[in-house]
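Here are the chains, one letter per residue:
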Amino acid sequence: MSIQEKIIAAALSGVKELYGAEVPEKMIQLQETRPEFEGELTLVVFPLLKTSKKAPEATAQDLGAYLTEKCPELISKFNVVKGFLNLSIAAEQWIKLLEEIEHNPKFGFLPVTEESPLVMIEYSSPNTNKPLHLGHVRNNLLGWALAQVMEANGNRVVKTNIVNDRGIHICKSMLAWQKYGNGETPETSGKKGDHLIGDYYVAFDKHYREEVKQLVAQGMDEEKAKQEAPLIKEAHDMLVRWEQNDPEVRGLWKTMNDWVYAGFDETYKALGVGFDKIYYESDTYLEGREKVEEGLEKGFFYRREDGSVWADLTKEGLDEKLLLRSDGTSVYMTQDIGTAKLRFQDFPIDKMIYVVGNEQNYHFQVLSILLDKLGFKWGKDLVHFSYGMVELPNGKMKSREGTVVDADDLVATMIEDAYKMSEDKIKKLEGITEEETREIARIVGMGALKYFILKVDARKNMLFDPEESIDFNGNTGPFIQYTYARIRSILRKAAEQGIAIPETLPTNTELSEKEISLIQHLNGFTATLRQAGADYNPASIANYCYELVKEYNQFYHDFSVLREENTDKQAVRLALSSAVAKVVKNGMSLLGIEVPERM
RNA sequence: GGUUCGGUAGCUCAGUUGGAUUAGAGCAGCAGCCUUCUAAGCUGCGGGUCAAGGGUUCGAGCCCCUUCCGAAUCACCA
């Protein structure tokens, strides 16, 4: 039971005893006390006035007196300012909290059991015709962090990925490779597979535009030229052959996709993300059709004269939506229905979360309604975890204008920058090897990148300035990592000097204001984690970690641990430092960010 | 035009279910602090009509309405 829960329970019985009325738990409003007032937690009594039939001050006075008298082990003293009852928490509560954090490696986490709700999270969802870029990086980091947060809140999480591995865009790369590739492979070219394929996708576009230009010069209408260009016709032809299972096309498709997957795996590994189950669109794209036919029979959808199938969503305030083309083939929406069907066969899904950019808000609004109509129990309440675009200083990322920030380049640059930045600092550390220095640079560089992206509210568009790169000072990943390394250094030295954290901490030492406020922050981790889970908001964890280490750095500056002569005080400070390190490590780990022992 | 989401300091962002005369950080700028547990740190200074107006109430950056600005979307593309 947390300190807050204890106080709320005590206050409830206080209200009952004092005023003879049971009030709902919501009426007890507890919040952190403003720094300018004495106390740590504040009970706002305004909601209770109707019950007490007294003035705010008198009500607060009544409750304060009750709490200090009945629960001295919980509340040491109180003061009243207007309708605010400021409570000072008894020191032993804080000490107990430190002990709990010291002994519970999963402080704040809820356990996951067989009965826990099953949450499936789809994220990443790349196309196999080009390498991952900055937008994918945001998606992957958010998806991974969200999965960790949901799991820490007591959900069984299945991380999934739907790979868009078929379609005309894939054929374009394949065709270009056939025409201009001369049998080039990742091995012969030395390129990562996804980059190699991406280059041919670009090559296709270049030649294709050339053809269109020529046709237009010969007097053809541009729209028509785009359809009549020989390359695009060939690509369409290839798509038809793919759908007919043409062995040659399928063979090439398989080979080239495997190159891409090998490349993706490297990028995923560098980003520290992974999946429990990967779906391929080539397997799922036919499944949706069946579901749509089913919906058609049940009268949810209707067929037009040309044979196309539509859903009429005007009653829901939306438009009509195409589900099957007049030639009977699937569209994007149909495929998502098909994927949903397969997933539900594979897992007893309670909650489905799609991590997909906000440009698809409409799509998911529609998908939710359709899945619900088709009888998926989680369809209605599916969560579209919609995130904003990553913008560059001079506008958006456009592959055609060459303003794409490549994921692999970005990762390499961050690590390189961290290395340059760290070199002189890390070398000061004793007995450090080049290999360790590299590893620290990797952790710090990735930490900077991940924190930079995850600290901002996912819904908002964010600005990414590659020129200025990412800060290593202030509200950044490295700042948090640095604080962690500092604490670890203290703990190492303490161990060397034979100073250990006692099993039971002394409760008679007086805590300074700074120490109390630090412990209070630690206490807030649980609530932050719950909120992050309820709101699907990893950013709040990031900001929590920042606040915590900022506070710790102030403590670090003003108080010494190892030079403290009073052994009781020293024990508490050591436990406090250790607790901050543990919570920081856990919090950062929820974001997929590692923390170094030294830096 | 419809729908959805945003608008908080020069810049990048926090701001719990509405709470306390003075709305917070970081960056950038200026000024201090390393024979002392890691200075990627700490301390101080300046910087705001919370887009605008109205409403709800003991109380609004937060809730409701209107307006302005920005983004996304409304395809037989994915």
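How each quantity is defined
Residues numbered from 1 in each chain as written. Chains lettered and ligands numbered in written order. Predicted model: local features only at pLDDT ≥ 70, side-chain atom pairs only at ≥ 80, totals over all residues. Heavy atoms only, no water. Pairing = 2+ DSSP bridges. Helix = DSSP H or I, 4+ residues; strand = E, 2+ residues; numbered from the N terminus. Axes fitted to C-alpha atoms, helices over the stretch in contact; angles between N-to-C directions. Contact = heavy atoms within 4.5 Å. 1 Å grid on protein atoms, 1.4 Å probe; cavity = no way out; pocket = protein on both sides within 12 Å on 5 of 7 lines; lining within 4 Å. Points joined across faces, edges and corners; volume = space filled by probe spheres on them. Nonpolar A, V, L, I, M, F, W, Y, C, P; charged D, E, K, R; others polar. Salt bridge = Lys/Arg side-chain N within 4 Å of Asp/Glu carboxyl O. Buried < 20%, exposed > 50% of the residue type's maximum accessible area, 1.4 Å probe, protein only. Core = buried A, V, L, I, M, F, W, Y, C linked by side-chain atoms within 4.5 Å. Phe/Tyr/Trp six-rings, centres within 6.5 Å; stacked < 30°, edge-to-face > 60°. Lys NZ or Arg CZ within 6 Å of the ring centre and 35° of its normal. Parallel < 35°, antiparallel > 145°, perpendicular 65-115°, else oblique. Expected span 1.5 Å × (residues − 1). Left-handed = near helix turned anticlockwise from the far one by under 90°. Polar contact = N/O pair within 3.5 Å; in protein donor to acceptor, adjacent residues only side chain to side chain.

Student: Would you explain the sheet that holds strand 11 (residues 351–357) in this entry?
Tutor: One key point about sheets: their strands pair by backbone hydrogen bonds, in either a parallel or an antiparallel sense. Taken in spatial order, the 5 strands make up an open sheet running 7-6-5-11-12, and their pairing is parallel. Edge positions in the sheet fall to strand 7 (277–280) and strand 12 (383–387), since each of these pairs with one other strand and no more. Going across the sheet, the axis of each strand differs from the next one's by a mean of 25°, ignoring polarity. Taken together, the 5 bridges between strand 5 (residues 118–122) and strand 6 (residues 156–163) define a ladder with parallel strand orientation. Directly across from Met 120, in strand 6, lies its bridge partner Val 158. Sitting on the sheet, helix 15 (residues 361–373) is in contact with strand 11 and strand 12, with an inclination near 160° to strand 11.

Student: Looking at this structure, how should I read empty space enclosed by the protein?
Tutor: Rolling a probe over the atoms, with the probe sized like a water molecule, indicates the empty space that remains. For the structure on display, the rule yields 1 cavity of 30 Å³ or more. Within this model, the largest cavity holds a volume of roughly 50 Å³. Forming the walls of the largest cavity are Thr 128, Ile 170, Ser 173, Met 174, Ile 197, Trp 253, Met 256, Asn 257 and Val 260. Of the residues forming the lining of the largest cavity, the biggest block, 4 residues, is contributed by helix 11 (residues 247–271). In terms of residue class, the lining of the largest cavity is built from 6 nonpolar, 3 polar and no charged.

Student: Teacher, can you tell me more about the pattern of salt bridges here?
Tutor: Going through the model one piece at a time under the given rule, you end up with 34 salt bridges. The salt bridge involving Arg 166 is made with Glu 281; its shortest N-O contact spans 3.2 Å. You can see Arg 166 sitting in the loop between strand 6 and helix 6 (168–180) and its partner Glu 281 sitting in helix 12 (residues 281–284), a full 115 residues away along the chain. Overall, the relative accessible area of 9% leaves Glu 281 in the buried class. A salt bridge links Lys 377 to Asp 350, with the shortest nitrogen-to-oxygen separation between them at 3.7 Å. Remark: Asp 350 occurs in the loop between helix 14 (332–346) and strand 11 and Lys 377 occurs in the loop between helix 15 and strand 12; sequence separation between them is 27 residues. Take Lys 377: its relative accessible area is 56%, and that puts it in the exposed class.

Student: Hey, could you run me through the pairing of strand 9 (residues 309–312) in this one?
Tutor: On a regular strand, one side chain projects to one face of the sheet and the next to the other, so that they alternate. Bridging between strand 8 (residues 301–303) and strand 9 involves 3 bridges; their strand directions are antiparallel. Its bridge partner being in strand 9, Arg 303 is matched across the sheet by Val 309. Here strand 8 folds back onto strand 9, and the loop between the two strands holds 5 residues, one of which, Gly 307, carries a positive phi near 95°.

Student: Would you mind showing me how to read the nonpolar core here?
Tutor: Across soluble globular proteins, nonpolar side chains have a tendency to be buried as a group. Judged by nonpolar contacts, the single largest core of 151 residues is most densely connected at Leu 98, Ile 121, Leu 134, Leu 449 and Leu 522. If you tally residues by element for this core, the top one is helix 21 (residues 567–590), at 12 residues. Counting residues in hydrophobic clusters, the runner-up holds 30 residues, among them Leu 118, Leu 296, Leu 371 and Trp 378.

Student: Which parts of the structure should I look at to understand the packing of aromatic side chains?
Tutor: Aromatic ring pairs are reported here in terms of the distance separating the ring centres and the angle at which the planes meet. Counting across every chain of the model gives 21 aromatic pairs. Between Tyr 268 and Phe 275, the aromatic rings sit 5.1 Å apart at their centres with planes inclined by 75°, giving edge-to-face as the arrangement. Here Phe 300 and Phe 301 contribute two aromatic rings whose centre-to-centre distance is 6.5 Å and whose plane-to-plane angle is 70°, an arrangement assigned as edge-to-face. Judged by relative accessible area, which is 30%, Phe 300 ranks as partly exposed. The buried category is assigned to Phe 301, whose relative accessible area is 4%. Through a chain of ring-to-ring contacts, three or more aromatic side chains come together here, namely Tyr 123, Phe 264, Tyr 268 and Phe 275. Against the face of Trp 242 rests Arg 250, its NZ or CZ located 3.7 Å from the ring centre. Against the face of Trp 253 rests Arg 250, its NZ or CZ located 5.3 Å from the ring centre.

Student: What exactly am I supposed to notice about the side chain of Ser 577 here?
Tutor: Considering the arrangement of structural elements, one finds Ser 577 in helix 21. Using a relative accessible area of 0% as the deciding quantity, one classes Ser 577 as buried. If we skip the residues at most four places from it in the chain, Ser 577 touches Ile 487, Tyr 552, Phe 555 and Val 561.

Student: Looking at this structure, how should I read the packing of helix 5 (residues 134–152) against helix 17 (residues 434–454)?
Tutor: Closest axis-to-axis distance for the helix 5/helix 17 pair is 10 Å, and the angle between their directions is 85°. In terms of orientation, helix 5 lies roughly perpendicular with respect to helix 17. In contact with Leu 134, Val 137, Arg 138, Leu 141, Leu 142 and Ala 145 of helix 5, helix 17 contributes Lys 450, Ile 453 and Leu 454. For the contact of helix 5 with helix 17, the residue count by class is 7 nonpolar, no polar and 2 charged.

Student: Mind showing me how you'd approach helix 15 here?
Tutor: The periodicity of an α-helix, 3.6 residues per turn, causes residues three or four places apart in sequence to face the same way. Here helix 15 spans 19 Å end to end across 13 residues, near enough to the 18 Å set by a 1.5 Å rise per residue. Within helix 15, the full set of buried residues consists of His 363, Phe 364, Val 366, Leu 367, Ser 368, Ile 369, Leu 370 and Leu 371. Taken together, the buried residues of helix 15 touch strand 8, strand 9, strand 10 (320–324), helix 14, strand 11 and strand 12. Two residues or fewer after helix 15 comes Gly 375, characterised by a positive phi angle close to 95°.

Student: Even after reading the chapter, I still don't get the packing of helix 4 (residues 91–103) against helix 21, so can you show me in this structure?
Tutor: The N-to-C vectors of helix 4 and helix 21 enclose an angle of 50°; their axes lie 9 Å apart at closest approach. Between helix 4 and helix 21, the angle falls in the class oblique. For the pair helix 4 and helix 21, the crossing hand works out as left-handed. Listed contacts from helix 21 to Ile 95, Leu 98, Ile 101 and Glu 102 of helix 4 are Val 572, Ala 575, Leu 576, Ser 578, Ala 579, Lys 582 and Val 583. A breakdown of the residues in the contact of helix 4 with helix 21 according to their chemical character gives 8 nonpolar, 1 polar and 2 charged.

Student: What exactly am I supposed to notice about the side chain of Glu 122 here?
Tutor: Looking at where Glu 122 falls in the secondary structure, it is placed in strand 5. Separated by 3.4 Å, the side chains of Glu 122 and Ser 125 make a polar contact. Among all residues touching Glu 122, those that are not within four sequence positions of it are Thr 160, Ile 162, Arg 343, Met 352, Ile 353, Tyr 354, Val 355 and Val 356.

Student: Honestly, the sheet that holds strand 8 in this entry has me stumped. Any pointers?
Tutor: Strand order in the open sheet formed by 3 strands is 8-9-10, with antiparallel pairing between adjacent strands. Unpaired on one side and paired on the other, strand 8 and strand 10 mark the two borders of the sheet. Between one strand axis and the next, the sheet turns through 35° on average, direction left out of account. Docked against the sheet, helix 13 (residues 287–297) engages strand 8, strand 9 and strand 10, running at close to 95° with respect to strand 8.

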